[in-house]
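# Structure at a glance
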Amino acid sequence: MIRINEITDKVATYIDKPDLELIQKAYIFTAQAHVGQTRLSGEPYLSHPMSVANILAEMNLDEATVAAGLLHDTVEDTKATIEEIEGLFGEEVADIVDGVTKISKMSFESKAVAQAENIRKMILAMAEDIRVLMVKLADRLHNMRTLDFQPSVKQRLISQETLEIYAPLANRLGLHRTKRELEDLCLKYLKPDVYEQIDQGVASHHTSGQAYIDKVTGLITEMLKENEIKGRVAGRTKHRYSIYTKMLQQDLGLDQIFDLIAFRIIVGSLKDCYAVLGLIHSIWKPVTGRFKDYISIPKANMYQSVHTTVIGPDGERIEIQIRTEEMNKVAEYGVAAHWQYKEKGKKGSNRDAERFTWLRQILDWQRDLQDPREFMASLRIDLFQDEVYVFTPRGDIKELPEGATPVDFAYAVHSKVGDQCAGAKVNGRLVPLGTPLKNGDRVEIITDSHRNPSRDWLKFVKTARAKTRIKQYIRTEERDRSISLAREMLEKEGRKLGVNFLKAMKDGHVHKLAEELSCSSVDELLSQVGYARLTPRKVLQKLYGMLHVGEKMPDERKAPEPVPLTPAQATEAAKPKKSEGIKISGVDDVLVRFASCCNPLPGEPIVGYISRGRGVTIHAADCPNLKELEGERMVSVSWDGVEDKPYPAKIRIVSRNFKGALSQVTSLLTSDDVNIHSGSFQSNVDGNAVMEFTVEVTNLTQLYGVLDKIRLVESVTEALRVS
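Here's what I pulled together on the structure shown here. (Residues numbered from 1 in each chain as written. Predicted model: local features only at pLDDT ≥ 70, side-chain atom pairs only at ≥ 80, totals over all residues. Heavy atoms only, no water.)

### A short note on the pattern of salt bridges
A pair can form between side chains of opposite charge whenever their charged atoms are brought close. Using the following cut-off: Salt bridges, as used here, are contacts in which a Lys or Arg side-chain nitrogen is within 4 Å of a carboxyl oxygen on Asp or Glu. A helix here means a DSSP run of H or I that spans at least four residues, while a strand means a run of E at least two residues long, and both kinds are numbered starting from the N terminus. For every residue, the accessible area (1.4 Å probe, protein chains only) is compared with the maximum for its type, and the residue is labelled buried under 20%, exposed over 50%, or partly exposed between those bounds.
According to the stated counting rule, one finds 16 salt bridges in the structure shown. One salt bridge connects Glu 58 with Lys 10, and the closest N-O pair in it is separated by 3.3 Å. One end of the pair, Glu 58, is in helix 3 (residues 47-58); the other, Lys 10, is in helix 1 (residues 4-14), and 48 residues separate them in sequence. Using a relative accessible area of 36% as the deciding quantity, one classes Glu 58 as partly exposed. Here Glu 183 ties to Lys 179 by a salt bridge, and the two come within 3.7 Å at their closest N and O atoms. A residue pair is termed a helical-turn pair when its members lie 3 or 4 positions apart in one helix, as Glu 183 and Lys 179 do in helix 11 (residues 176-190) at four residues. By relative accessible area, which is 19% here, Lys 179 ends up buried. Where salt bridges share partners, they join Asp 62, Glu 92 and Arg 131 into one cluster.

### Considering the packing of helix 1 against helix 3
In a packed pair of helices, the relevant descriptors are the angle between the two axes and the axis-to-axis distance. Just so we agree on the cut-off: Each axis is a line fitted through C-alpha atoms, and for a helix only the stretch in contact is used; angles between axes span 0 to 180 degrees, taken between their N-to-C directions. Small angles under 35 degrees read as roughly parallel and large ones over 145 as roughly antiparallel, with 65 to 115 read as roughly perpendicular and the rest as oblique. By convention, the crossing between two helices is left-handed when the near helix turns anticlockwise from the far helix through less than a right angle, and right-handed when the turn is clockwise. It only takes one pair of heavy atoms within 4.5 Å for two residues to be counted as in contact. The nonpolar class holds Ala, Val, Leu, Ile, Met, Phe, Trp, Tyr, Cys and Pro. Asp, Glu, Lys and Arg form the charged class, and all remaining residues, Gly among them, are polar.
The geometry of helix 1 relative to helix 3 is characterised by a closest axis approach of 9 Å and an angle of 15° between their N-to-C directions. Relative to helix 3, helix 1 is oriented roughly parallel. As helix 1 runs across helix 3, the sense of the crossing is left-handed. Of helix 3, the residues touching helix 1 (which contributes Ile 4, Ile 7, Lys 10, Val 11 and Tyr 14) are Met 50, Ala 53, Asn 54, Leu 56, Ala 57 and Glu 58. The residue inventory of the contact of helix 1 with helix 3, partitioned by class, reads eight nonpolar, one polar and two charged.

### Digging into the sheet that holds strand 15 (residues 615-620)
Quick reminder of the rule: Whether two strands pair depends on DSSP finding at least two bridges between them.
The mixed open sheet is built from four strands, whose spatial order is 13-15-14-16. Of all strands in the sheet, those bounded by a partner on one side alone are strand 13 (592-594) and strand 16 (634-635). Examined bridge by bridge, strand 13 and strand 15 share three bridges and lie parallel to one another. If you follow Phe 594 over to strand 15, its bridge partner there is Ile 618.

### Observations regarding the nonpolar core
Put simply, the rule is: Joining through side-chain atoms within 4.5 Å is the link that ties buried Ala, Val, Leu, Ile, Met, Phe, Trp, Tyr and Cys residues into a set, and such a set is a nonpolar core.
One finds Leu 56, Ile 85 and Val 93 to be the most contacted residues of the largest nonpolar core, which totals 66 residues. The greatest single-element share of this core, amounting to eight residues, is contributed by helix 9 (residues 131-145). Membership of the second largest hydrophobic core comes to 29 residues, among which are Ala 649, Leu 669, Val 674 and Leu 700.

### Structural notes on the sheet that holds strand 9 (residues 421-426)
Here three strands make up an open sheet; going across it, the order is 10-9-11 and the pairing antiparallel. With partners counted over all chains shown, the strands left at the sheet margins are strand 10 (429-431) and strand 11 (443-447), one partner each. For this sheet, the mean angle separating the axes of adjacent strands, direction not counted, is 35°. Two elements, strand 9 and strand 10, share three bridges in a ladder whose sense is antiparallel. By the bridge assignment for strand 10, Ala 424 is matched with Val 431. Packed on one face of the sheet, helix 19 (residues 406-413) meets strand 9, strand 10 and strand 11 and runs near 80° to strand 11.

### Considering helix 23 (residues 509-516)
Working note: α-helix, 3.6 residues per turn, so residues spaced by three or four point in the same direction. For clarity, the cut-off: Regarding the arc, it is the one traced by the directions from the helix axis to the C-beta atoms.
For helix 23, the set of buried residues is Val 510, Leu 513 and Ala 514. Seen along its axis, helix 23 keeps its buried residues to an arc of 105°; they face one direction. Trailing helix 23 by a residue or two, Ser 518 shows a phi angle of about 60°, which is positive.

### Things to note about helix 9
What counts, and what does not: One less than the number of residues in a helix, times 1.5 Å, gives the span that helix is expected to have.
Between its terminal C-alpha atoms helix 9 stretches 21 Å, which fits the 21 Å expected from 15 residues at 1.5 Å a residue. Extensive coverage of helix 9 is indicated by the burial of 13 of its 15 residues.

### Topic: the environment of Thr 146
Note the threshold: For the purposes of these results, a polar contact is taken to be a pair of N or O atoms within 3.5 Å, where, inside protein, one atom must be able to donate a hydrogen and its partner to accept one; residues adjacent in sequence count only when each atom of the pair is a side-chain atom.
Mapped onto the elements, Thr 146 comes out in the loop between helix 9 and helix 10 (152-172). Linking Thr 146 and His 48, residues 98 residues apart in sequence, is a C-alpha distance of 9.5 Å. Side chain to side chain, Thr 146 and Arg 39 meet in a polar contact 3.2 Å long.

### Thoughts on a negative patch on the surface
As a reminder of what qualifies: Patches here are clusters of residues that have more than 30% relative accessible area and form no salt bridge, with a 9 Å joining cutoff for like charges and a 5 Å cutoff for nonpolar side chains (Val, Leu, Ile, Met, Phe, Trp, Tyr). What sets the accessible areas is the Shrake-Rupley method with a 1.4 Å probe; for residues, cover comes only from the shown protein chains. This count recognises Lys and Arg as positive and Asp and Glu as negative, with His and chain-terminal groups excluded. Charge placement uses NZ in Lys and CZ in Arg. For Asp and Glu, CG and CD serve respectively.
Taken together, Glu 83, Glu 86, Glu 91, Asp 95 and Asp 98 make up a surface patch of like negative charges. The set of elements that each furnish at least two residues to the negative patch consists of helix 6 (82-89) and helix 7 (91-100). Per element, the largest residue contribution to the negative patch is three residues, and it comes from helix 7. Structurally, Asp 95 can be placed in helix 7.

Pasting the structure below:
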């Protein structure tokens, strides 16, 4: 186990006159708090906070952060309280510990919501103090290093979350060393066979290629000496996960990846960076399209370096990165190299805060996302995608995700510019709003005060900010329309039933009715009617009851004389009426239609979606189109007393192409009383025939029963239902 003296010695190397007493005091408190606790490995639990504090010291973080690393689990796993931490160690340390403490005592409806809410809380805490994330990343890094002792299922779950959230966050903060290690460890547990293959390949390449690394390093060092440039050179093999992603993206085998080796040249000044670049290109041929200048346009995480790939000695492709000592420090430690804490209670300079505009943007749009799962989806979009850098007409740089469009750019400039975006010029030429932007593009947005966001924009925008603003506008617009429609329906229906709805609104009776129906406002009540969650008749009945206590509505008092019915008509009228055999939670007397994209059948799980002007559309629960629909308009539905009538279903059958193949299949369908509504038949060059039919069945059991029989036919290789 790491000793406390090792941690304090590291802190003393980079802080002048450090407050080591604070760290020693935190160590003693933590040791006493966790006494008797052990990890799954059998080690004392104290080994974990000690390792976390050591990682933070290796990142050159301040005394308060290192102390918080020691204390980060005390509030969750021991009897210690935040108030106690604040009393002993001060508000600064307590705030970091509070931000890192997991929300294990909170209850959520699902694990997905719990994870999303935890991440949301972490992002909010980061905004107050970026050191919260530094401790959280150190905590996750040590947990990943010791993941061997967890069950395999938990290994995969933790690794997946780390790969999706924590590694990209480390990258955003410029913590490349942490990011690389997290990614490699995730690959080890998520794809152990692939990791082992790459690990062995890299090891053998390193053994056989060490002579080559020495050769190239010697040549570059000699070149620097000849040109009187002070600098140092280092060669290394790329980390496992980056090799894996390259194999995946380019569909290559390990033996087909030639640039496994990267060289780093560290020089003394900015001028020397470009001088060395020119010298490298003069002796080795650069590979077209493989030059990136992150010095003139730094990444959002402050990373600066010049990258070039050249054909080096013996025809080998090698990547070369050129940077200064300061840039190298930032490349390894990112935010930790810049986030200074010179005074107690100060959380960094204004210049430092400006470096994290992306974090402020996350906070900006997350306020509009009530559903934590939607927040997670948006966060992944912002964290995962590579960046492109484009210019405003004034020459300011805007960083956007790869594939971003002029609409994304417009929202990055200002929400109002995005809302009123009517057109765009890229490099002086008018382009469609869905055009992907490229590095260096100069973008000018044409606005029109009469224009509004379009639902079609959601098909091509990439940034979470743009998606959120567009969805927010659409929801507001649709809600306004639903309120207007509801008002019209209630006034019209009210005139028939003798209820003056407008007067009831003015007199405040509708407000009381809204409270009685558990609606927060009159507008909320009206939107419920507009979205068909409440029927106008039900609302007016309640309202009439409030206005005329004990009386019945006019249409119920003066019902017309019944017309005598025939025995057959009487029997039919006595049957309970169903909404197409569908029961809808909280809604009655509403139009129901079945989605043609999935054609749900009685017996299978279903979901209802409130469509504008078309009642409730019923989808199969696994219909892929549900992902594109608004969650707030989904309703709970179920099959209820379904009539014995035909429902359409699409099926596909693949069989050997021979005389009588079609007859075999149609005979089986006929014998099971399945009608063929329409169909197509196609012969392939491989000797197979593909038959696609829309058939009519009464329920799911009948459909899968006949498919099972078709599969038993010797010539049939595939028989399935399709959407």
